[in-house]
Amino acid sequence: MRKSPTLHWASLLILYTLVFLMLYEWLGPISELTGTGHLPLITTFVILCFATNLITIWPAWCNTALKVGFIAFIVFYIHGNLTPSEIPVIFNEFITSVKALLTLHIDNVTDSARTFIFLVLLWMTIYLIHHWLTVRYSIFLFFFMTIFFLASIDTFTEYDATYPLIRVMCIGFFLVGMLFIEKVFVNHHMKPTLLRYIKLMVPLLLMIVVSSAFAYFMPKSEPAVDLPAPIEAINDWVNKQLSPTGKIGYVEDDTRLGGSFELDDTPVFDVWAKDAQYLRVDTKYVYTGKGWERKKGDIYVRSFDYDDRVPLSIKSGPSDDTDIMKINMHKQYQFLAQPYGLRKIESNDKDTNRFYVELDTEKIRPTVDEQRTTLTKYSMRYSPPTYKLSELNKTSMHELQNLDEDFDKYLQLPESLPRRVRALAREITKDETSVYDKTTAIESYFSVNGYRYSRSDVDYPEDNQDYVDQFLFDTKIGYCDNFSTAMVVMLRSQGIPARWVKGFSEGDVVDTNNKTTHFEVTNNNAHSWVEAYMPGVGWMQFEPTIGFSGFNQLEDDTRPENDTQPSADEQTPEAEEEKKEQQQQQEKPEPQQQEPQTDTSKADEEGITWWPWLVGFVVLVVAYGFWRTRKKWIPQYVKTRYASKSTVSIEQAYNDLLKVLAMYGLKKADSETLQQFAKRVDEKLGEHHMKAFVAQYERYIYDPSAEEVQWDKLKESWQYLINKVRG
């Protein structure tokens, strides 16, 4: 029985509205927890997908083209800022991402490709939901998965899903009830009318409202125990067991430091500047004993525009002695790499975005329409800071006691920090008086006391072990994170404010043109170092990691004018070159490990060229074989499934038979009666088995009690028809 057009569209609109509201409960927390952003744009795409499933006034390929076009617009808007010159960049990113997926280097998949994959998966999910609504008349699986998803993130993350769970329960039960009513109308051949809908839906709605109100107002007890943090435990286990050797590169999550890593020369960005220098990304000051976290609670920012003075705590050099640095990004990082002494970001006529600085980390993020974005090209004007030795020699520990309370966070240490860490720092600095001398004493301690730089054989600390304590006293082996974190912790233990800095060291020289040098910065250049506060001078950067050249920032104004011997920080070009060679030697693998690593790399490169394509070809061949033989194995599968059943529903058996016959080319027309269709099938296949089966099926419609009695008699006709189609 068909509905009236008005009732048909009204019921569909209600069903789609309800399922959209349920799907939106996924999008909200995903956007919040992952920082995806652009939720209104994604929501518009979801509405478009639902609408095109309803609208059938044009061919299906038009709907497909519309959705593909909208996906392209979203990717172009988010990652290309609607700039035509970015189209080749995004296209190249897609090619790079396809190669990364084929070689299982998931970390190298670009953000634009991730956005595309996410939207395609969302499209497929909506199509599956459409199938559940209009064909299966069942949404219980999606309902259950939504509840499970919200309950999981409510339990294991900081997201509060209390009210989303209540909304989903109410929406879900009403949706399940509506679909059950639709199924009743279809299975019992009842004509849907508005009165029948009202009679069936009003009790359902009342039940949901009353039960929800009862559950909401009932008293609730607090949880007996606090649940553990399984996400952190899983991450720890993965770090220790599944991925003991990671890849070097910049990451934002530093809550769990440790473990070995391997080199990765994937380009991150290119730099054109006068001199090589470190590029700062962000700072962190909350040390947990295992790694670094950012402060809890709200994140405060300060916005600025092109050509505005960048609000940073690091001082810059003289305003009349500035240089220009240009950066071309290869990765889709949503931050700027900052040279020390950054004054402003240069603009041009095409620039429309703004910027903000996160006040706790000093990370600079570009934005478009208040959403974080990626700048593929930008120029910065900077003046590198210099520090006079005479002023640094005057820095006293007494002055630190008069600092503002805002500096207290840079003295934070966990209560679990072992006493021997403080004792070692005190022993290192006991003979020094100025803050600067105490800082440089700790900075140089590692290079003369048996510590070794290495990327391999670096362990994670045990559950009851402090990260710094393990490095200082047990292993004495590590890389930049070990050295820089240890220095920050020891400085803080002596009352010197310090913070942990992340960014990139100098890249490799590509070429030099006049006074500008082109550097390529790769994942291998990801680095961490230290900034310590010198009273009366300000924040100053230090490099404790063995093998790294550090900063050329010190002006020794304490020497006589005729004394030309350079100080420690004012190295000659020859000395600077020697330091760089030492750093490169430090970064190279040990000689005995060089040959196996090279062989493995070659083997990997050879495997990359053929095995993913072979696997893909085999999958396609197998899939094609299944498709070509579907008329053989699907009827046999249906027959086998019914052979194992003790009780058979004639209605289900008839519906499965219709599907098998349709695959053979005998599809029941909407205008055909059951007897007319049975007659056409028998004429095609011979015999009268279909007519006999349909006669019993018609009896079942009006006399359901006859179902079990008649199946044994119908089984032979049913199997004959299945076997006939199978050939």
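Before going into details, it helps to say that this report is about the structure given with it. Predicted, not measured: the structure shown is a model, and the values here were computed from it.

## A closer look at the overall build of the chain
When its secondary structure is counted, the chain shows 22 helices and 23 strands. Across the 727 residues of the chain, 43% fall into the buried class. For the chain, the proportion of contacts with a sequence separation of at least 24, taken over those separated by at least 6, is 72%. Within the structure as shown, the chain displays about 40,000 Å² of accessible surface, and the carbon and sulfur contribution to it stands at 57%.

## A few points about the pairing of strand E22 (residues 538-542)
A regular strand places its side chains so that they alternate between the two faces of the sheet. Taken across its five residues, E22 has five buried, putting it largely inside the fold. Bridge analysis of strand E21 (residues 526-534) against E22 gives five bridges, and the strand direction is antiparallel. Within the sheet, the bridge partner assigned to valine 530 lies in E22 and is phenylalanine 542. Following E21, the chain reverses through three residues before pairing antiparallel with E22; glycine 536 in that reversal takes a positive phi of roughly 85°.

## Re helix H8 (residues 194-217)
With 24 residues, H8 extends 34 Å from end C-alpha to end C-alpha; this agrees with the ideal 34 Å at 1.5 Å per step. Along its length, H8 shows its largest kink, about 25°, at methionine 201, and proline proline 203 lies within four residues downstream of that point. Taken residue by residue, H8 has Tyr197, Met201, Leu204 and Ile208 as its buried positions. On the buried face of H8, the contacting elements are helix H1 (5-34) and helix H7 (162-187).

## With respect to the environment of leucine 392
As for its position among the elements, leucine 392 is in helix H10 (residues 389-393). For leucine 392, a relative accessible area of 0% translates into the label buried. Residues leucine 392 and methionine 534 lie 142 residues apart in sequence; the distance between their C-alpha atoms is 7.2 Å. The contacts of leucine 392, once residues within four sequence positions are left out, are Tyr387, Ser434, Tyr436, Met534, Val537, Met540 and Leu554.

## With respect to the nonpolar core
Judged by nonpolar contacts, the single largest core of 60 residues is most densely connected at Phe446, Leu472, Met490 and Met534. Of all the elements in the fold, those that place two or more residues in this core are H10, helix H12 (419-429), helix H13 (435-445), helix H14 (467-475), helix H15 (480-493), strand E18 (498-504), E21 and E22. Ranked by the residues each element gives to this core, the list is headed by H15, at eight residues. When neighbours within four sequence positions are excluded, methionine 490 is seen to be in contact with Val421, Leu424, Ala425, Ile428, Ile442, Phe446 and Leu472. Among the nonpolar cores identified, the runner-up in size contains 53 residues, and Leu23, Phe142, Val168 and Leu204 belong to it.

## Description of the pattern of salt bridges
With the rule as written, the count across this model stands at 20 salt bridges. One salt bridge in this structure joins lysine 363 and glutamate 252, with 3.2 Å as the shortest N-O distance. In this pair, lysine 363 is assigned in the loop between strand E11 (354-358) and strand E12 (364-368) and glutamate 252 in the loop between strand E1 (245-247) and strand E2 (260-262), connecting sequence segments 111 residues apart. Residue class for lysine 363 comes out buried when judged on its relative accessible area of 3%. Accessibility expressed as a relative area gives 43% for glutamate 252, which makes it partly exposed. One salt bridge in this structure joins glutamate 531 and arginine 280, with 2.7 Å as the shortest N-O distance. Taken together, the residues glutamate 531 in strand E21 and arginine 280 in strand E4 (residues 279-284) connect sequence positions 251 residues apart. The residues glutamate 531 and arginine 280 share a single accessibility class, namely buried. What you see here is one network of salt bridges that share partners, running through Glu252, Asp282, Arg294, Glu358, Asp360, Lys363 and Arg365.

## Side note on the sheet that holds strand E9 (residues 338-339)
Ordered by their spatial adjacency, five strands build an open sheet running E9-E4-E18-E21-E22, and the pairing between neighbours is antiparallel. Two strands close off the open sheet at either side, each with one partner strand: E9 and E22. When E4 meets E18, the two strands line up antiparallel, connected through five bridges. The partner of threonine 283 across the bridge, within E18, is valine 501.

## Here we look at the sheet that holds strand E14 (residues 377-382)
Judged by pairing direction, the sheet is antiparallel, and its six strands sit side by side in the order E10-E14-E8-E3-E20-E19 without closing on themselves. The outermost strands of the open sheet, each flanked by one partner alone, are strand E10 (342-346) and strand E19 (508-513). Neighbour-to-neighbour, the strand axes of this sheet turn through a mean angle of 25°, independent of strand direction. In this sheet, E14 lies alongside E10 in antiparallel orientation, the contact comprising four bridges. Paired with lysine 344 across the strands is arginine 381, a residue of E14.

## A short note on the side chain of serine 97
Relative to the helices and strands, serine 97 resides in helix H4 (residues 87-102). Given the relative accessible area of 2%, serine 97 is considered buried. Not counting chain neighbours up to four residues away, the residues in contact with serine 97 comprise Val109, Thr110 and Ala113.

## Here's the deal with the packing of H1 against helix H2 (residues 39-54)
One way to put it is that H1 packs onto H2 with a least axis distance of 11 Å and a crossing angle of 155°. What the angle tells us is that H1 and H2 run roughly antiparallel. Seen from above, H1 lies across H2 with right-handed handedness. Seen from H1, the contacting residues are Trp9, Leu12, Tyr16, Val19, Phe20, Leu23, Tyr24, Leu27, Gly28 and Ser31; seen from H2, they are Leu39, Ile42, Thr43, Val46, Ile47, Phe50, Asn53 and Leu54. Grouping the amino acids of the contact of H1 with H2 by side-chain chemistry returns 14 nonpolar, four polar and no charged.

## Re the packing of H2 against helix H5 (residues 111-136)
It is the contact of H2 with H5, at a shortest axis distance of 10 Å, that shows an interaxial angle of 40°. The handedness of the crossing between H2 and H5 comes out as right-handed. Contacts between H2 and H5 pair Ile42, Phe45, Val46, Cys49, Phe50 and Asn53 from the former with Phe118, Leu119, Leu122, Trp123, Ile126, Tyr127, Ile129 and His130 from the latter. Looking at side-chain class alone, the contact of H2 with H5 contains twelve nonpolar, two polar and no charged residues.

Definitions and cut-offs
Residues numbered from 1 in each chain as written. Predicted model: local features only at pLDDT ≥ 70, side-chain atom pairs only at ≥ 80, totals over all residues. Heavy atoms only, no water. Helix = DSSP H or I, 4+ residues; strand = E, 2+ residues; numbered from the N terminus. Buried < 20%, exposed > 50% of the residue type's maximum accessible area, 1.4 Å probe, protein only. Contact = heavy atoms within 4.5 Å. Areas by Shrake-Rupley, 256 points an atom, 1.4 Å probe, with all protein chains shown as cover. Pairing = 2+ DSSP bridges. Expected span 1.5 Å × (residues − 1). Bend = angle between axes of the 7 residues up to and from the residue. Core = buried A, V, L, I, M, F, W, Y, C linked by side-chain atoms within 4.5 Å. Salt bridge = Lys/Arg side-chain N within 4 Å of Asp/Glu carboxyl O. Axes fitted to C-alpha atoms, helices over the stretch in contact; angles between N-to-C directions. Parallel < 35°, antiparallel > 145°, perpendicular 65-115°, else oblique. Left-handed = near helix turned anticlockwise from the far one by under 90°. Nonpolar A, V, L, I, M, F, W, Y, C, P; charged D, E, K, R; others polar.

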